Amino acid sequence: MKLKLLLALGIVAILVTVTTAGYLIRGYLNAPPESPDDARTTSERVLDDLAAVVGLEETLRSEAEPLPVTVQGRVDLFGACDGDAPVSVYALDRAQDLEAVMRELAREAGALEADAAASEPDHVVARAACDATGAFELTLPDGTRRAHLLAVGAHAYCQETRAVEIEEFGARATLLPYCGARVEGRVLAPTADGTLAPVEGALLHASSLREARSVEARTILRAARSDAEGRFSFDALPLPGDYQVEVRPADFAPAIREVRDLDLGGTATLEFVLTPGAELAGRVVDPAGRGVADAEVTAAVSGGVGRMGYGRRSATTDADGGFRLRALTPTRLMVTAARAGSLDAAPQGVEREEAERREGLLLVLEPGAVVGGRVVRADGAPAADELVRARFDRARQFARYGSLSGARGNSGEARTDAQGRFLVGGLGKGPFSVTVQAAAGDDATTRPRASAPATSRPARDLVLELAAPSALTGEVRGADGAPLEAFTVRAVELMDTELGELARDARERATWWTATRPPGRVPPVAGSSPGAGPCTRGPTATRPRRPVTLELPRDAATALRFDLVRAASVRGLVLSPGGAPIAGAAVT
């Protein structure tokens, strides 16, 4: 298309130039003698005017809008998803999986809470709907050199994005999606006259059930809102897997339904009829019986794995510690209270029935354990106004006792004062990891940080000295010995425990990832406290021979080297009981 347009512009330019030249020459031949003020000859004036015409033509061409960057292709809907409509193709600025894209689409549709929506970056740069044959054409932003494509339909989906290199005249791509399932339905509620009316704007969540048949052990979590007719849908749900759909209305009791044994390319239909729910009121007090203001009281359904936290309702206590929770699910609820600096109240079980009201529930907040100390900078000066975090050390607790005991008071934080001192209260049983990272600087991986050894008892004399993180450099080579063009490097902190060296829980300690395009070179990777072991991840067909364990700090000038080897692969054919090939089946 671009070549044809340039050819047409060239022909038009030639015609304009020849025509203009003819008129100029004819005019000059019939013109009166030259003005005495113009010293140019007739030939010179003809050449000058021709140059002006050509210059105008070049100016018009340079001011024309640049040609768009396009990607054309087709989504192959062979199999049970054949004819799945509508199917859309999304182009992203980086590699993503299906769930990340669906979360971004839910954010665009207003189906996420404000805090979650604000924290989500926008990676979709273009989108296009496929026609009946699966063909699509994406128009990308100018200057795009690589795009990551993913297709989503009512049932069809791509689990991962496909990277496409953009050439001068665009690119072509074929996407081969899997075939999943779809859940749709309506949300209704009773009116004053006893009829049912649609509920608009109700928040719904669909999640995979955490059971043996869950989807390849992945967590699927989708969000949607009901429209003016109360309708909702969850598209492209991966199979095999069972799901639960929860509706969280503002003025009615939450409700939940399970969807099991979804068919390949099938659609399940649900109908939620909401109820007003129950009410619960009471007070939050300290051990002396005084009311505690600004405490958060939470009630949620008491259940097993997969239903924890369902039907959650929250309220903030008033000046006297009073609270009232409305629109509660009519079942057994676990109620607790929390406030910064205090140990969470012990959960209390409460049985609720439809439209029941209960008063007088009492929740007690205790002071809990305290961890304190001071934070200093490398020169010994106190570090003021720095955020110190104490987290329950899951890995050390598991290594010591083989179980977890951090259900209550498992975290806390506090800011240092002018002398660098801090107190983190409201903690439960240890051990705890205490960390601080300086707030100055834009790049979190280069900010000074400090951590204290895990403490299993209350301590008020910890000293955390902020120090710049270690830097690691090196190179990564593929199975053929050549430098890789794209890879990631990860640094994980290791700990000495009774069970040997264990990697710290990612929820407690940050994990740093670095991607690079220059062949084989590893840019600086932020380290941590002594005992950080980096490892690499290359293309899916390769894997690291072994991770490298290092003691930090170390000489940053010493480069690391990772040599990847080819990973094993398994090929096969999935057949139905009748012996026919099955397209879109998930193999694990």
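Everything here concerns the structure above.
These numbers were taken from a predicted model, which means no experiment stands behind them. (Residues numbered from 1 in each chain as written. Predicted model: local features only at pLDDT ≥ 70, side-chain atom pairs only at ≥ 80, totals over all residues. Heavy atoms only, no water.)

Q: Just checking my understanding: could you explain the packing of aromatic side chains for this structure?
A: Within a pair of aromatic rings, the relevant descriptors are the distance that separates the centres and the angle that separates the planes. In total, this model carries 4 aromatic pairs according to the counting rule given. An angle of 35° between the planes, with centres 5.7 Å apart, marks the rings of Y157 and Y178 as tilted. Of this pair, Y157 sits in strand β6 (residues 156-157) while Y178 is found in strand β9 (residues 178-179), placing the two residues 21 residues apart along the sequence. Judged by its relative accessible area of 3%, Y157 falls in the buried class. When the ring of F392 is compared with that of F432, the centres are 6.3 Å apart and the planes differ by 80°; the resulting orientation is edge-to-face. Highlighted residues: F392 in strand β26 (residues 387-392) and F432 in strand β29 (residues 432-437), separated in sequence by 40 residues. In this structure F432 comes out as buried when scored by relative accessible area, which is 4%. Linked through ring pairs, F232, F234 and F272 together constitute an aromatic cluster. Across from the ring centre of F272, 6.0 Å away, lies the NZ or CZ of R257, which sits over that ring. (Phe/Tyr/Trp six-rings, centres within 6.5 Å; stacked < 30°, edge-to-face > 60°. Helix = DSSP H or I, 4+ residues; strand = E, 2+ residues; numbered from the N terminus. Buried < 20%, exposed > 50% of the residue type's maximum accessible area, 1.4 Å probe, protein only. Lys NZ or Arg CZ within 6 Å of the ring centre and 35° of its normal.)

Q: Please clarify how the side chain of D242 should be interpreted in this entry.
A: Here D242 shows up in the loop between β14 (231-237) and β15 (243-248). With relative accessibility at 4%, the residue D242 sits in the buried group. Reaching out from D242, the side chain makes a polar contact with the backbone nitrogen of D261 at a distance of 3.1 Å. (Polar contact = N/O pair within 3.5 Å; in protein donor to acceptor, adjacent residues only side chain to side chain.)

Q: Hey, could you run me through the sheet that holds strand β4 (residues 135-140) in this one?
A: Adjacent strands of a sheet pair through backbone hydrogen bonds, lying either parallel or antiparallel. Here 3 strands make up an open sheet; going across it, the order is β4-β1-β8 and the pairing mixed. The outermost strands of the open sheet, each flanked by one partner alone, are β4 and β8 (171-175). Along the sheet, successive strands turn relative to each other by an average axial angle of 25°, direction set aside. Bridging between strand β1 (residues 69-75) and β8 involves 5 bridges; their strand directions are parallel. Residue pairing for β8: Q72 is matched across the bridge by R172. (Pairing = 2+ DSSP bridges. Axes fitted to C-alpha atoms, helices over the stretch in contact; angles between N-to-C directions.)

Q: Got a minute to help me understand the pattern of salt bridges in this structure?
A: Taken as a whole and judged by the stated rule, the model has 23 salt bridges. Residue R248 pairs with E246 through a salt bridge whose shortest N-O separation is 3.1 Å. What makes R248 partly exposed here is its relative accessible area of 35%. Assessed through its relative accessible area of 8%, E246 is described here as buried. (Salt bridge = Lys/Arg side-chain N within 4 Å of Asp/Glu carboxyl O.)

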